[in-house]
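Take a look at the letters that make up each chain.
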2 protein chains.
Amino acid sequence: MTQSELADYLQAQRTAIDRALEQFLKVYGGQTQAVLKAMRYGLFPGGKRIRPILTLTAGEMFGAKQKELMPFACAVELIHAYSIIHDDLPAMDNDDLRRGEPTAHKVFGEGMALLAGDGLLTEAFHLISGPEVRRLPAELVLRLIHELSHAAGVAGLVGGQAVDLESENKDVDLATVEYIHVRKTGALILAALRIGAEIAGAKTGELRRLSKFGEYLGLAFQIADDVLDNIGETIAGEGGESGRNELKKATYPSVVGIVQATERLQELLKLCDRELVSFGESAAPLRAIAKHVIARAVQDKGRAAEESIS
Amino acid sequence: MTQSELADYLQAQRTAIDRALEQFLKVYGGQTQAVLKAMRYGLFPGGKRIRPILTLTAGEMFGAKQKELMPFACAVELIHAYSIIHDDLPAMDNDDLRRGEPTAHKVFGEGMALLAGDGLLTEAFHLISGPEVRRLPAELVLRLIHELSHAAGVAGLVGGQAVDLESENKDVDLATVEYIHVRKTGALILAALRIGAEIAGAKTGELRRLSKFGEYLGLAFQIADDVLDNIGETIAGEGGESGRNELKKATYPSVVGIVQATERLQELLKLCDRELVSFGESAAPLRAIAKHVIARAVQDKGRAAEESIS
């Protein structure tokens, strides 16, 4: 898959996901407009939609139809959107900007942003327990709800955020950084992939290899983000572009340095590729996504180095 | 059922629920201790456990076993505990005290309280999609998850909280107050009751009558709370005992006055009783609970009036 083929592929998936999210939100209305508006703000225009794309991509690789995968893909994105709104709150990361736009609590106030996050999280579970998933066996759906809530709960997202919060302004070791990453970012990425494959009826061995791939990808994803943040801050000056009201966070580059972080990224890309070998050509999109996720940080690092020289 | 029989009954149910909640939380551990501690703080010692008791009581009335009902009863309480922690946050009601003790964010900080709420909500869905519910048909469990997430989401709890938040420091009419109550308090009480009955396999007509009962009870529950708050504030002085950092809230007594509010409570008790008639003696616990919920406010109102006279 060439870079331009990947771009088209990602764009097509993103469009399908956005349409499904719109459709899903249409069922609400009436006097709850304010909180829905805040929820929509957290969802649209949205970022890269990488998590729901992973659900679609993994599911389609094993032969599932988009229609079967979509409610779960959307639920994954609703959970991601909730986690971003809550994470941006003053009590957490205290971010004023997200992708160059004011964060939800800056626009709607802290209380409404809190409720919007609560709403997104709750509606994720509402979506994957209702009519949209009726065509799947109920036992399978229950198992997937269990897996998704595991990834989002104390053993995943919430637990990772909690340790991250405790680590603020402290010197942390690499084990703690990886502990946070595996839960805060890795768990949902892993669940997104696995859920797609499980809907498709992937075999145990296939699921095992996909899970290893997901673990490497999740870690790479967070390290890449940290590397890009680190470069952004280096270029723009402390907290300038990032909109973060300064906090010392536990990041990979801050513990091992940027050079070792990018080396680790390249190592993770190799590990990702290795787990996909047995899937042959059907894994082309996943392979391209992994490369894309990792390359953006490694390339930007090169560019940043050039800029700082010139 | 006499008052003392009811007290024993409620105590026995409460003990069983507390034991089940303890058991459930035991599966977690490791490095996520801080957030678990905050979650536990929101759960124990807890209040009256009225919502999970309603699940047990409604289910047992139609012949379900406690063991089948308990995961859902606990999930209802986890959701209630999450809603309290988030509702107490400075961005919402800004309460420093809850049942005479410091609120979660006062003890653990705002960020950890936020995460504890997120954790409780997420773990509610984790609990009712896992091994604990395997003995129930998967289709039924999915339907119950859908119903509970509906009650907790934009159409229920979150939506009610949002309108409540928007109504702060505004003059609101009775329709808005009831709109808020139905969603913020009523929806979860109704779902708690219905879920119990559905697990027991209650028939359509039975479920319809129980639902009417639940709607009246939910409204009565919130009006009673408002009446008691109002008396508390009248006796203790503005915000003294309640620990609330002053906000004008949309309450039933503030709109129609305390006399009409207690009249409405007595009317609701009659409506509750009427819906239970056809269930005969098996509805004795529900009947006693409704009377108890309503009488505490009506009696306290009498006592408060006496105190203010003497």
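### Let's talk about the overall build of chain A
Okay, so step 1: Helices and strands together make up the secondary structure of chain A, namely 13 helices and 2 strands.
Okay, so step 2: Within the span of chain A, comprising 310 residues, buried residues form 52% of the whole.
Okay, so step 3: Long-range pairs, those at least 24 residues apart, make up 75% of the contacts in chain A with a sequence separation of at least 6.

### Digging into the interface of chain A and chain B
Okay, so step 1: Each partner contributes to the interface: chain A provides 43 residues, whereas chain B provides 43 residues.
Okay, so step 2: When residues in the side of chain A that touches chain B are grouped by element, the largest group, 12 residues, is from helix H6 (residues 110-127) of chain A.

### Looking at the confidence of the model for chain A
Residue and element names in this part refer to chain A.
Okay, so step 1: The pLDDT averaged across chain A works out to 90; a share of 90% of its residues lies at or above 70.
Okay, so step 2: Low confidence marks residues 235-242, where pLDDT is under 50. Its contacts with residues over four positions away, or in another chain, come to 13 contacts.
Okay, so step 3: Overall, residues 304-310 carries pLDDT values under 50, and its contacts beyond four positions in sequence, including any with other chains, amount to 4 contacts.
Okay, so step 4: Interface scoring of the predicted complex returns ipTM 0.93; its pTM is 0.93.

### Observations concerning the environment of Pro-131 of chain A
Residues and elements named next belong to chain A.
Okay, so step 1: Looking at the element boundaries, Pro-131 is found in the loop between H6 and helix H7 (138-152).
Okay, so step 2: We classify Pro-131 as exposed; it has 9 C-beta atoms within 10 Å.
Okay, so step 3: Taking the C-alpha atoms as reference, Pro-131 lies 9.9 Å from Pro-71; in sequence the two are 60 residues apart.

### Quick look at unusual backbone geometry
As a rule of thumb, non-glycine residues mostly have phi less than zero, and peptide bonds are mostly trans rather than cis.
Okay, so step 1: Residue Phe-44 of chain A is joined to Pro-45 of chain A through a cis peptide bond whose omega torsion reads 5°.
Okay, so step 2: Considering the arrangement of structural elements, one finds Pro-45 of chain A in the loop between helix H2 (33-43) and helix H3 (50-61).
Okay, so step 3: Even without being glycine, Asn-169 of chain A reaches a positive phi, approximately 60°.
Okay, so step 4: Owing to 9 C-beta atoms within 10 Å, Asn-169 of chain A belongs among the exposed residues under this scheme.
Okay, so step 5: You will see that Arg-99 of chain B, though not glycine, has its phi angle at about 50°, which is positive.
Okay, so step 6: Mapped onto the fold, Arg-99 of chain B is located in the loop between strand S1 (97-98) and strand S2 (101-102).

### Overview of the relation of the copies chain A and chain B
Okay, so step 1: With an RMSD of 0.0 Å, the fit of chain A onto chain B corresponds to turning through 180° and sliding 0.0 Å along the axis. Considering both components of the superposition, the chain copies are consistent with a two-fold axis. Among all residues of chain A, the minimum C-alpha distance to the rotation axis is found for Ala-138 of chain A, at 2.7 Å.
Okay, so step 2: When you check the interface residues of chain A against chain B, 100% turn up at the interface there too, and the contact is symmetric in its surfaces.

### A closer look at the environment of Gln-66 of chain A
Residue and element names in this part refer to chain A.
Okay, so step 1: For Gln-66, the position within the fold is in helix H4 (residues 66-88).
Okay, so step 2: It is 14 Å that separates the C-alpha atoms of Gln-66 and Leu-10, two residues lying 56 residues apart in sequence.
Okay, so step 3: Discounting chain neighbours no more than four positions away, the residues touching Gln-66 are Ala-16, Leu-56 and Glu-60.

### Thoughts on helix H1 (residues 3-25) of chain B
All names here are of chain B.
Okay, so step 1: End to end, H1 covers 33 Å across 23 residues, agreeing with the expected 33 Å (1.5 Å per residue, within 8%).
Okay, so step 2: Burial in H1 covers these residues: Gln-13, Ile-17, Ala-20 and Leu-21.
Okay, so step 3: Contact partners of the buried residues in H1: helix H2 (33-43), helix H3 (50-61) and helix H4 (66-88).

### Considerations on the nonpolar core
Okay, so step 1: Of all hydrophobic cores here, the largest spans 200 residues; its most connected members are Ala-116 and Ala-220 of chain A together with Ala-116 and Ala-220 of chain B.
Okay, so step 2: Apart from the residues within four sequence positions on either side, Ala-116 of chain B is in contact with Val-35, Ala-38, Met-39, Gly-42, Ile-85, Ala-104 and Phe-108 of chain B.

### Topic: the packing of H2 of chain B against helix H6 (residues 110-127) of chain B
Residue and element names in this part refer to chain B.
Okay, so step 1: The interhelical angle for the contact between H2 and H6, taken along N-to-C directions, is 75°, at an axis separation of 8 Å. In terms of orientation, H2 lies roughly perpendicular with respect to H6. Residues Ala-34, Val-35, Ala-38, Met-39 and Gly-42 of H2 form the contact with H6, whose own contacting residues are Met-112, Ala-113, Leu-115, Ala-116, Gly-119 and Leu-120.
Okay, so step 2: Broken down by class, the residue content of the contact of H2 with H6 amounts to 9 nonpolar, 2 polar and no charged.

### Comments concerning the environment of Ala-151 of chain A
All names here are of chain A.
Okay, so step 1: As for its position among the elements, Ala-151 is in helix H7.
Okay, so step 2: Residue class for Ala-151 comes out buried when judged on the 25 C-beta atoms lying within 10 Å of it.
Okay, so step 3: Distance from Ala-151 to Ala-162, taken between C-alpha atoms, is 14 Å for residues 11 residues apart in sequence.
Okay, so step 4: Contact partners of Ala-151, with chain neighbours within four places excluded, come to Gly-156, Leu-157, Ala-187, Leu-188, Leu-190 and Ala-191.

### Description of the packing of helix H8 (residues 157-167) of chain A against helix H9 (residues 174-199) of chain A
Residue and element names in this part refer to chain A.
Okay, so step 1: It is at 8 Å that the axes of H8 and H9 come closest, and there the two elements cross at 145°. The handedness of the crossing between H8 and H9 is left-handed. Together, Leu-157, Gly-159, Gly-160, Gln-161, Val-163, Asp-164 and Ser-167 of H8 and Thr-176, Tyr-179, Ile-180, Arg-183, Lys-184, Ala-187 and Leu-188 of H9 make up the contact between the two elements.
Okay, so step 2: Partitioned by chemical class, the residues of the contact of H8 with H9 number 6 nonpolar, 5 polar and 3 charged.

About the criteria used
- Residues numbered from 1 in each chain as written.
- Chains lettered and ligands numbered in written order.
- Predicted model: local features only at pLDDT ≥ 70, side-chain atom pairs only at ≥ 80, totals over all residues.
- Helix = DSSP H or I, 4+ residues; strand = E, 2+ residues; numbered from the N terminus.
- Buried ≥ 20, exposed ≤ 12 C-beta atoms within 10 Å, placed from the backbone.
- Contact = placed C-beta atoms within 7 Å.
- pLDDT = per-residue confidence, 0-100.
- Least-squares fit on C-alpha atoms with pLDDT ≥ 70 in both.
- Expected span 1.5 Å × (residues − 1).
- Core = buried A, V, L, I, M, F, W, Y, C linked by C-beta atoms within 7 Å.
- Axes fitted to C-alpha atoms, helices over the stretch in contact; angles between N-to-C directions.
- Parallel < 35°, antiparallel > 145°, perpendicular 65-115°, else oblique.
- Nonpolar A, V, L, I, M, F, W, Y, C, P; charged D, E, K, R; others polar.
- Left-handed = near helix turned anticlockwise from the far one by under 90°.

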